[in-house]
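# Topology and contacts: notes
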Amino acid sequence: QVQLAESGGGLVQAGGSLRLSCAASGRTFSSLPMGWFRQAPGKVREFVAQITESGGSTYYADAVQGRFTISRDNAKNTVYLQMNSLKPEDTAVYYCAAGTTGTWTYWGQGTQVTVSS
């Protein structure tokens, strides 16, 4: 089992920045690929970014490429999402997830990000 807890959400003006954190406990963090997803009101949950176990490779959705950066600190069992140049369309609940056996198995409760225009 893996427990995930997101933090760092809030209200920010367009053009601003936020950094989300996701603290993991339970299973060995360094063995898990990690990801961030988001869900806006009335929309399906969508992929934002992911990072491999070592942090050596990262992948991003086109909508956030160049603005968001995913990183991890395996010593702290934490994954981060640095969000810059935020837009109103980035408003959503952001979730972190941990992957096992090719699927996203564990999910956090989410943190709200609201970007005002």
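Everything below is about the structure shown above.
Scope of this entry: the structure provided in the associated data block. (Residues numbered from 1 in each chain as written. Predicted model: local features only at pLDDT ≥ 70, side-chain atom pairs only at ≥ 80, totals over all residues. Heavy atoms only, no water.)

Among the nonpolar cores identified, the biggest contains 31 residues, and Leu4, Met34, Trp36, Leu81, Met83 and Tyr94 are the most heavily contacted of them. Counting only elements with at least two residues in this core, the list comes to strand 1 (2–7), strand 3 (18–26), strand 4 (34–39), strand 5 (46–51), strand 7 (68–73), strand 8 (78–83), strand 9 (92–100) and strand 11 (111–116). (Core = buried A, V, L, I, M, F, W, Y, C linked by side-chain atoms within 4.5 Å. Buried < 20%, exposed > 50% of the residue type's maximum accessible area, 1.4 Å probe, protein only. Helix = DSSP H or I, 4+ residues; strand = E, 2+ residues; numbered from the N terminus.)

Moving on: the state of the cysteines. Scanning all chains against the criterion turns up one disulfide. Note that Cys22 is cross-linked by a disulfide to Cys96, the S-S spacing being 1.9 Å. The sign of the 45° torsion about the S-S bond sets the Cys22-Cys96 disulfide as right-handed. Within this pair, whereas Cys22 is found in strand 3, its partner Cys96 is found in strand 9, the two being separated by 74 residues in sequence. Each member of the pair Cys22 and Cys96 is classed as buried. (Disulfide = S-S within 2.5 Å.)

This brings us to the packing of aromatic side chains. If you walk through the whole model with that rule in mind, you get three aromatic pairs. Ring geometry for Phe37 versus Phe47: centroids 5.7 Å apart, planes at 75°, classification edge-to-face. Linking Phe37 in strand 4 with Phe47 in strand 5, this pair joins segments that are 10 residues apart in sequence. Overall, Phe37 belongs to the buried group, its relative accessible area being 8%. Accessibility expressed as a relative area gives 28% for Phe47, which makes it partly exposed. When the centroid spacing of 5.5 Å and the interplanar angle of 75° are considered together, the rings of Phe37 and Trp104 count as edge-to-face. Of this pair, Phe37 sits in strand 4 while Trp104 sits in strand 10 (residues 103–107); the two residues are 67 residues apart in sequence, bridging distant segments of the chain. Given a relative accessible area of 23%, Trp104 falls into the partly exposed group. Put simply, the rings of Phe37, Phe47, Trp104 and Trp107 pair up and form one aromatic cluster. (Phe/Tyr/Trp six-rings, centres within 6.5 Å; stacked < 30°, edge-to-face > 60°.)

It is worth stressing that arrangement in space is one thing and function is another; only the former is reported here.
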